[in-house]
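# Observations on the three-dimensional arrangement
These are the residues of each chain, in order.
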Amino acid sequence: MAFPKAPAILASRDLRGPDLEKNPTDSSLRIYAWMQLARVADNRILDLFRQGAIRGTVTGGQGNEWMVVPLALLLDKAQDVVCFTHRGLGGHLIWSGHLCEHLNQYFANAMSPTRAREGNIHHGDPANRSLPMISHLGAMCGPVLGATDSQRRLGRRAVGVSFFGDGSSSTGDVHESMNLASLLSLPVVFVIENNRYAYSTPVDEQFAAGTELWRRAKGYGMEGLAIECGDPRDAARALGPVIERVRETCRPMLVEARTLRLRGHAAYDTCDYLRPGEADGFAAADPLPHYRALLARQLGPGLVDAIDAELGAFVEECIKVAIAVPRPDPAGMEADLFAPAPPPFPWRPEPAAPESLTMAQALNRAIRKVLAERPESIVLGQDIATYGGAFKVTEHLFSEFGRPRVLNTPLAESACTGYAIGLAVNGHRPIEEFQFADFATEAATQITLNAATMHFRSGAACPLVLRLPSGAVGLGSFHSQELESFFLAMPGLKALYPSNPQDAFNALLAASEDNNPVLLFEHKGLYRRGKHPVAWDPGYREVWRPKRVRAGDFATLVTYGEAVHLAAEACEYLAAEYGSDIEVFDLRCLSPLDLSDILPSVARTGRLIVLHEGRRTHGFGAEIVARITEGRREPLRAPPLRIAALDLPVPFAPELEAAFRPSRDRVIELITGWMS
Ligand SMILES: Cc1ncc(C[n+]2csc(CCOP(=O)(O)OP(=O)(O)O)c2C)c(N)n1
Ligand SMILES: [Mg+2]
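Small disclaimer: the values here were computed from a predicted structure and weren't measured.

Below, the discussion takes up the layout of surface pockets. By volume, the largest pocket amounts to about 420 Å³. Taken together, 21 residues form the lining of the largest pocket, with L488, L590, S591, F620 and R627 sitting closest to its centre. Contributing elements (two or more residues each) for the lining of the largest pocket: helix 18 (484-488), strand 19 (589-591) and helix 22 (620-630). Here the element with the most residues in the lining of the largest pocket is helix 22; it accounts for four residues. Classifying every residue of the lining of the largest pocket gives 12 nonpolar, five polar and four charged.

The following block contains the structure:
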């Protein structure tokens, strides 16, 4: 479908610092045209929402154009990184694409840039480093940091700009990210769009330490400044040097833009909470009509009228085109959950001779191999550099590869995971260690809503390995979790759970070459459970499938992680004592779950046992039982047996922990009871 030709005044999307002095007329009109386009488009989107042609939440940027338009014009679209907010339509229009493409997003039609999977202004353009926002405010700061750093690592003099509102500035992610950017010396401009309201809550109900939000900069070791709503050329004159200073110094800066929200929070907001006269005050302060009047005075009203007329007609033509695009087709949605598998990486077939290694050492060797053979890989986490990680899995990697390939991070799991997401979306391959799986809950939004949904909603790959030291080894509730059910309840995450050193080695390689976020569960009880031969295995990708680890015809037992060893011991005992041979499968891969190798075994044995350390209720075993039994016409010979931990927080004392999680004796007792 042909898009209407854009007016010539929109031909340039750039403004360089000296333009305002060298070509004042051209550049002033360019700023005006983009502001006016954004305003008209925002207003028409609101009309179309009210007419029922656009659905969802419509949050306008009316009143914010004076700042977002100059900033977007000033940035270098060929290398910089940005994430606009729900007040940034002007920025999106300038950054890339045709107005029709942006309207397609609002109409959620078949040509929508998010394939109609995301609403409102959540599209971005990840291929051109405009990162698509998620609703969770503050959560995009980390990814802007990561993508900007990724650009710098690739030798590009990029600057990142992370926009967020006054309300969003209270989120942990914003604080974590400002600290992280300062710590890593990342060239990122943090822009607080302070429109004095978060939905209905005024700033004086949000902050106790005053509403001069730019003053926070000092606390993070960066420079800050405020700019006042007004002539957009003044904004450009203030912001241009900020961008160039950040580009030059590689130090972050904080800008508080004192802006306006001319409409309510969103289309449905009646603004009853505003104080008397406040809305009129906002309207009177609206920079756009003031700027228009100034240009009309300076350049003659005819010129500005003509621009308005041309832009107005263009918007209407674009609406006609976008509204006629067919509705989206659900076909292909499921196939798009994950980014397609890349061809196997041409790993060097090393180490050729098996080495005798613990699982921790096997993981270490695999990470070392990835760092050595894939220059785009980066390892990050708490205490993982000189200290080698809480479990010494990253030992010696720092001395071999140094910073910035091996990066210690502060206690900021959410921002650091966001940072890893940004690196990944821009083509790097981060491997992030969580000190204990338990602390991954701090990054739950980044993992489950940002990384996991990235490909589905934006088409961008997010190749990320998240290493999760799991399981109970006597450390109580907060250092013992098995979080597979927690995370895998959300779509878009792959997950491997190896039970031995060779599988761990293979799993790390397989995860690191995948183009999706992969959770790598590592049971702490397995890190040092003896040494086993580990070598380069050309069949390393087999780790995405279950493995039969014991043959038998009495029953089929499905398990994973440390429980594989419990199963082996229990089954040996049962075979010796009762002559009942149980077939055991080590699942290895929990997502995507492929049970096709296990179904024939269950068909043969007619009995199913699932065993895992995670809790029983909503446990992963429930899914395995359901998947195996739901398609069967023949009843099983016995009801499926689920063996799992108790539905409790993980208790601390050894006696309590032993009662909490499955033990060899408990497994034997439950299976014999079930057999009789
Ligand atoms: C973490 C989070 N909590 C709550 C919300 C719901 N919510 C959406 S917009 C909004 C207000 C945001 O205020 P601000 O950051 O100042 O941006 P503004 O809308 O004023 O531009 C809230 C509370 C959210 N999106 N994210
Ligand atoms: Mg606000």
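Paired through their backbone hydrogen bonds, the strands of a sheet run either parallel or antiparallel. One open sheet accounts for seven strands, arranged 10-9-11-12-14-13-19; its pairing is mixed. Strand pairing shows two members of the sheet lacking a second neighbour, strand 10 (406-408) and strand 19, which therefore form its edges. Recorded for the sheet is a direction-independent mean angle of 20° between the axes of neighbouring strands. Judged from the five bridges that link them, strand 9 (residues 377-381) and strand 11 (residues 429-433) form a sheet pairing that is parallel. Paired with I378 across the strands is P430, a residue of strand 11.

What follows deals with the sheet that holds strand 6 (residues 223-228). Taken in spatial order, the five strands make up an open sheet running 1-2-3-7-6, and their pairing is parallel. At either end of the open sheet lies a strand with only one pairing partner, and these are strand 1 (81-83) and strand 6. Each strand axis lies, on average, 20° off the axis of its neighbour in the sheet, ignoring direction. In this sheet, strand 7 (residues 253-258) lies alongside strand 6 in parallel orientation, the contact comprising six bridges. Pairing of E223 across the sheet is with M253, part of strand 7. Strands in contact with helix 3 (residues 65-74) are strand 2 (160-165), strand 3 (188-194), strand 6 and strand 7; relative to strand 2, the strand with the most contacts, it is inclined by about 165°.

Grouped together as the largest cluster of nonpolar side chains are 145 residues, with contacts concentrated most on F190, L519 and L587. If one sorts the elements of this core by residue count, helix 2 (residues 24-50) sits on top with 13 residues. The contacts of L587, once residues within four sequence positions are left out, are R545, P546, V558, T559, Y560, L593, L595, I598, F620 and I624. Counting residues in hydrophobic clusters, the runner-up holds 40 residues, among them F345, L363, A510 and W544.

In this structure, the amide linkage connecting E350 to the following residue, P351, adopts the cis form with an omega of -5°. Relative to the assigned elements, P351 resides in the loop between helix 12 (301-323) and strand 8 (355-357). Between R403 and P404 the backbone carries a cis peptide bond, its omega angle lying at 10°. If you trace the backbone, P404 turns up in the loop between helix 14 (397-401) and strand 10. Here C271, not a glycine, exhibits a phi torsion of approximately 60°, which is positive. Looking at the secondary structure, you find C271 in the loop between strand 7 and helix 10 (278-285). One non-glycine residue, R588, lies in the positive phi region at around 65°.

So, about empty space enclosed by the protein. Following the criterion strictly, the structure yields four cavities of 30 Å³ or more and no others. As a volume, the largest cavity reaches approximately 100 Å³. In this structure, the largest cavity is lined by 15 residues; those nearest its centre are T85, L137, G138, M140 and F163. If you tally residues by element for the lining of the largest cavity, the top one is strand 2, at three residues. Across the lining of the largest cavity, the residue classes break down as 10 nonpolar, five polar and no charged. Approximately 50 Å³ is the volume found for the second largest cavity. Elements represented by at least two residues in the lining of the second largest cavity include exactly helix 15 (413-425) and strand 11. Split into classes, the residues belonging to the lining of the second largest cavity amount to two nonpolar, four polar and three charged.

A word on the packing of aromatic side chains. For the structure shown, the criterion picks out 15 aromatic pairs. Ring geometry for F486 versus F487: centroids 5.0 Å apart, planes at 85°, classification edge-to-face. Here F486 falls in the partly exposed class, since its relative accessible area comes to 42%. Residue classification places F487 among the buried residues on the basis of a relative accessible area of 0%. Aromatic side chains Y497 and Y560 sit 5.5 Å apart centroid to centroid with 50° between the ring planes, which places their arrangement in the tilted category. Pair noted here: Y497 is in the loop between strand 13 (494-496) and helix 19 (501-513) and Y560 is in the loop between strand 17 (555-559) and helix 20 (563-578), with a separation of 63 residues, a long-range link. The same class applies to Y497 and to Y560, which are both buried. Connected via pairs of aromatic rings, a cluster forms that spans F391, F436, F439 and Y527.

Moving on, we come to the pairing of strand 11. Here strand 11 lies mainly inside the structure; five of its five residues are buried. Side-chain alternation along strand 11 places R429, I431 and E433 on one buried face and P430 and E432 on a second face that is also buried. Pairing between strand 11 and strand 12 (residues 464-470): three bridges, direction parallel. Within the sheet, the bridge partner assigned to I431 lies in strand 12 and is V465.

This brings us to helix 15. Two residues of an α-helix separated by three or four positions point the same way, owing to the 3.6 residues in each turn. With 13 residues, helix 15 extends 18 Å from end C-alpha to end C-alpha; this agrees with the ideal 18 Å at 1.5 Å per step. Counting buried positions along helix 15 gives 13 out of 13 residues, so the element sits mostly inside the fold. Looking one or two residues beyond helix 15, the residue adopting positive phi is G427, at roughly 110°.

Now for the pattern of salt bridges. Scanning the model with the defined rule gives 50 salt bridges in all. Between R157 and E248 there is a salt bridge; the shortest N-O distance is 3.0 Å. A residue pair is termed long-range when its members are at least 10 positions apart, and R157 in the loop between helix 6 (141-153) and strand 2 and E248 in helix 9 (residues 232-249) qualify at 91 residues. Under the relative-accessibility criterion, R157 is labelled partly exposed at 40%. Shared partners join several salt bridges into a network, and the residues in it are E212, R215, E228, E256 and R258.

The rules we used
- Residues numbered from 1 in each chain as written.
- Chains lettered and ligands numbered in written order.
- Predicted model: local features only at pLDDT ≥ 70, side-chain atom pairs only at ≥ 80, totals over all residues.
- Heavy atoms only, no water.
- 1 Å grid on protein atoms, 1.4 Å probe; cavity = no way out; pocket = protein on both sides within 12 Å on 5 of 7 lines; lining within 4 Å.
- Points joined across faces, edges and corners; volume = space filled by probe spheres on them.
- Helix = DSSP H or I, 4+ residues; strand = E, 2+ residues; numbered from the N terminus.
- Nonpolar A, V, L, I, M, F, W, Y, C, P; charged D, E, K, R; others polar.
- Pairing = 2+ DSSP bridges.
- Axes fitted to C-alpha atoms, helices over the stretch in contact; angles between N-to-C directions.
- Contact = heavy atoms within 4.5 Å.
- Core = buried A, V, L, I, M, F, W, Y, C linked by side-chain atoms within 4.5 Å.
- Buried < 20%, exposed > 50% of the residue type's maximum accessible area, 1.4 Å probe, protein only.
- Phe/Tyr/Trp six-rings, centres within 6.5 Å; stacked < 30°, edge-to-face > 60°.
- Expected span 1.5 Å × (residues − 1).
- Salt bridge = Lys/Arg side-chain N within 4 Å of Asp/Glu carboxyl O.

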